[in-house]
Protein chains: 4
Amino acid sequence: MQLDFNNPKPIYLQMVDEVKKSLARGELKPGDKIPSHKEQAHLSKVNPNTVQRAYQEMEREGLTETLRGQGTFIKNDPELLVHIRSEMAQTAVQQFIEEMNGLGINPAETERLLSEHLYNGKKEV
Amino acid sequence: MQLDFNNPKPIYLQMVDEVKKSLARGELKPGDKIPSHKEQAHLSKVNPNTVQRAYQEMEREGLTETLRGQGTFIKNDPELLVHIRSEMAQTAVQQFIEEMNGLGINPAETERLLSEHLYNGKKEV
Amino acid sequence: MQLDFNNPKPIYLQMVDEVKKSLARGELKPGDKIPSHKEQAHLSKVNPNTVQRAYQEMEREGLTETLRGQGTFIKNDPELLVHIRSEMAQTAVQQFIEEMNGLGINPAETERLLSEHLYNGKKEV
Amino acid sequence: MQLDFNNPKPIYLQMVDEVKKSLARGELKPGDKIPSHKEQAHLSKVNPNTVQRAYQEMEREGLTETLRGQGTFIKNDPELLVHIRSEMAQTAVQQFIEEMNGLGINPAETERLLSEHLYNGKKEV
DNA sequence: GTGGTCTAGACCACT
DNA sequence: GTGGTCTAGACCACC
């Protein structure tokens, strides 16, 4: 769970995204129990209420299910994984394209830059 | 000047980015005068203080210079444009790669998705 | 026994209500034995403690009586059924009227809406 | 704003309902500003955070719109009023019917009881 | 002053 | 111990 406390994006939303990414990567599976908000709060060095807010948001989005007194679970919907994954990928691609567009960089150049960075191991910014 | 008031990124930083993008796109050129903060405030429907803060930030970053009584100007440095442009492009590319990485999507698939979205005009998600 | 685990109304109170409704409907009769708390807990997929608490509440309200070693029974009071039934009906009606009132819907419209929904089988909203 | 602190229904949801009812009754109109969370907190003798949560919920439901630093406003959608009103009325009617059904009271009797209570001024329970 | 986030700590219902 | 609500009080960005 990678949280950036200097990112203006609220922590609870970062947490939601992290769970979605874990799902997309296959680290979490439908039906899995996720840590209690207290436990996760301890792990992430964040206030339990903040975690709870993240969990609430996930439930609201239909990502998780809550059983009173038992815990919070990734919803056991076989289509969930593929949905989340394609939704997040699409958003990322779209955002990238808009950004490059905003910089006046044309599609060919965009593809070139991407390939260049993808394959020369420049993993550090 | 595209501002998103629900974006957690502070408005004044969004304004800085927008100026940089205008530069990258060639809409603004080194030496150009940018609107006074009052004028810009009116244009963007934003408080003058916020514009002021954006202008301060740009000056701090060496993007602009202010001439007392004459206004604020894009710095007249011929290399500025190319610097800004490549810096912003690189950041965007890097961010995109990290995002796709975080979703467990491999480079080949990343390129495929990009091309798909670049060339089929899907501007809306 | 319809329990809604997301209803903020405590489970044990929901159970009490369900017993009262069974009585009103005639499914339970004065003098009938109701399941032991263990049995009921299993049936309702609820913790035995919760059932215990529901039974306590019913006894407190004079709805049931417990005979040591024999179990819990609906009180054998011939007037019980009619009491419960009219009390619950009155509460429901009153609550409904207040709700419609709160929405600024007048009596005539209230009656019309009720009839409409009563007779066209719209069981799902 | 009628809040019942003994009602197990969370206060913030009671507040949402109260705003909806005010809308249905025409006391609030689309476009109206609603009190700041601090002000409302003071009026309702409730913690500002609780009010904020209610406001957030309303925004999430598309009932209100927020302008950073300016306040929270009822969404200016002319259809909003009729939507809310009919939605809430339908829910109330449906709930009432289910309740009476649960008590084994038939439609005719349900209508009779309603009329009786509607027109004999029994406003107190 | 206004909304938004976060922390800290309390109480409750249920397992 | 688990989720849910509430209070109290702090900090931030923006008007």
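Our subject is the structure listed above.
Residues numbered from 1 in each chain as written. Chains lettered and ligands numbered in written order. Predicted model: local features only at pLDDT ≥ 70, side-chain atom pairs only at ≥ 80, totals over all residues. Heavy atoms only, no water.

J.: Got a minute to help me understand the environment of Ser36(B) in this structure?
T.: All names here are of chain B. By secondary structure assignment, the location of Ser36 is in the loop between strand 1 (33-34) and helix 2 (37-44). On the basis of relative accessible area, Ser36 is assigned to the partly exposed category, the value being 34%. For the pair formed by Ser36 and Gln94, sequence separation is 58 residues and the distance between their alpha carbons is 34 Å. In this structure the side chain of Ser36 is engaged in a polar contact, spanning 3.1 Å, whose partner is the backbone nitrogen of Glu39. (Helix = DSSP H or I, 4+ residues; strand = E, 2+ residues; numbered from the N terminus. Buried < 20%, exposed > 50% of the residue type's maximum accessible area, 1.4 Å probe, protein only. Polar contact = N/O pair within 3.5 Å; in protein donor to acceptor, adjacent residues only side chain to side chain.)

J.: It is not clear to me how the sheet that holds strand 2 (residues 64-67) of chain D should be interpreted in this structure. Could you clarify?
T.: Residues and elements named next belong to chain D. Read across the open sheet, the three strands follow the order 1-3-2; overall the sheet is antiparallel. Each having just a single partner strand, strand 1 (33-34) and strand 2 make up the two edges of the open sheet. For strand 1 and strand 3 (residues 71-74), the ladder comprises two bridges, and the chain directions are antiparallel. From the neighbouring strand, Ile34 faces strand 3, where its bridge partner is Thr72. The strands touched by helix 3 (residues 48-60) within the sheet are strand 1, strand 2 and strand 3, with strand 2 carrying the most contacts at an inclination of about 115 degrees. (Pairing = 2+ DSSP bridges. Contact = heavy atoms within 4.5 Å. Axes fitted to C-alpha atoms, helices over the stretch in contact; angles between N-to-C directions.)

J.: Which parts of the structure should I look at to understand the interface of chain D and chain C?
T.: Buried accessible area, meaning the area lost when the parts come together, often serves as the stated size of an interface. Chain D puts 37 residues into the contact, and the matching count from chain C is 37 residues. Carbon and sulfur atoms supply 67% of the area buried between chain D and chain C, which totals about 3500 Å² over both sides. The tally of links between chain D and chain C comes to two salt bridges. Scanning the region where chain D abuts chain C turns up six residue pairs in polar contact (both at pLDDT 80 or more). Breaking the side of chain D that touches chain C down by element, the ones donating at least two residues are helix 1 (11-25), helix 4 (80-102) and helix 5 (107-119) of chain D. Counting residues per element, the side of chain D that touches chain C draws most heavily on helix 4 of chain D, at 15 residues. (Buried area = accessible area lost by both parts, 1.4 Å probe. Salt bridge = Lys/Arg side-chain N within 4 Å of Asp/Glu carboxyl O.)

J.: Honestly, the environment of Glu87(A) in this entry has me stumped. Any pointers?
T.: All names here are of chain A. Within the secondary structure, Glu87 is located in helix 4 (residues 80-102). Relative accessible area serves as the criterion here: at 44%, Glu87 is assigned to the partly exposed category. Along the backbone, Glu87 and Met100 are 13 residues apart, and their C-alpha atoms lie at a distance of 20 Å.

J.: Looking at this structure, I do not really get the relation of the copies chain D and chain C. What am I missing?
T.: Note on the chain copies: they are related by a rotation about an axis and a translation along it. Between the two copies, chain D and chain C, the superposition gives an RMSD of 0.3 Å; the rotation angle is 179 degrees and the shift along the axis is 0.0 Å. In symmetry terms, the pair is related by a two-fold rotation axis. Here 100% of the contact residues of chain D are again contact residues in chain C; the copies associate through an equivalent surface. (Least-squares fit on C-alpha atoms with pLDDT ≥ 70 in both.)

J.: What exactly am I supposed to notice about the layout of surface pockets here?
T.: Take a probe with the size of a water molecule and roll it over the atoms, and the empty space left behind shows itself. Roughly 320 Å³ of volume is contained in the second largest pocket. If you trace the second largest pocket, you find it lined by Glu59(A), Thr66(A), Leu67(A), Arg68(A), Gln70(A), Phe5(C), Asn6(C), Ile11(C), Lys45(C), Val46(C), Asn47(C) and Thr50(C). Among the residues making up the lining of the second largest pocket, the classes are represented as four nonpolar, five polar and three charged. (1 Å grid on protein atoms, 1.4 Å probe; cavity = no way out; pocket = protein on both sides within 12 Å on 5 of 7 lines; lining within 4 Å. Points joined across faces, edges and corners; volume = space filled by probe spheres on them. Nonpolar A, V, L, I, M, F, W, Y, C, P; charged D, E, K, R; others polar.)

J.: Help me out: how do you make sense of the protein's contact with DNA strand F in this one?
T.: Close to DNA strand F lie 25 residues; Ile11(B), Ile11(D), Asn49(D), Thr50(D) and Arg53(D) are nearest. Taken together, the sugar and phosphate atoms account for 69% of what DNA strand F places within 4 Å of the protein. Gln52(A) places a polar side-chain atom, nitrogen or oxygen, 3.3 Å from a phosphate oxygen of DNA strand F. With respect to DNA strand F, the side chain of Thr50(D) contributes an N or O atom lying 2.5 Å from a phosphate oxygen. Looking at the surface near DNA strand F, the elements that each hand over two or more residues are helix 2 (37-44), helix 3 (48-60) and strand 3 (71-74) of chain A, helix 1 (11-25) of chain B together with helix 1 and helix 3 of chain D. Along the lines of polarity and charge, the residues of the surface near DNA strand F split into seven nonpolar, 15 polar and three charged. (Near = heavy atom within 4 Å.)

J.: I would appreciate a short explanation of the packing of aromatic side chains in the present structure.
T.: Given two aromatic rings, one states the distance between the centres and the angle between the planes to describe the pair. Within the structure shown, the criterion is met by two aromatic pairs over all chains. Taking the centre distance of 4.3 Å and the plane angle of 5 degrees together, the rings of Phe96(A) and Phe96(B) count as stacked. Separated into two different chains, Phe96(A) in helix 4 and Phe96(B) in helix 4 (residues 80-102) make up a pair that spans both. In this pair, the class of Phe96(A) matches that of Phe96(B), namely buried. The positively charged end of Arg53(B) is found above the aromatic ring belonging to Tyr12(B), 4.4 Å away from the centroid. (Phe/Tyr/Trp six-rings, centres within 6.5 Å; stacked < 30°, edge-to-face > 60°. Lys NZ or Arg CZ within 6 Å of the ring centre and 35° of its normal.)

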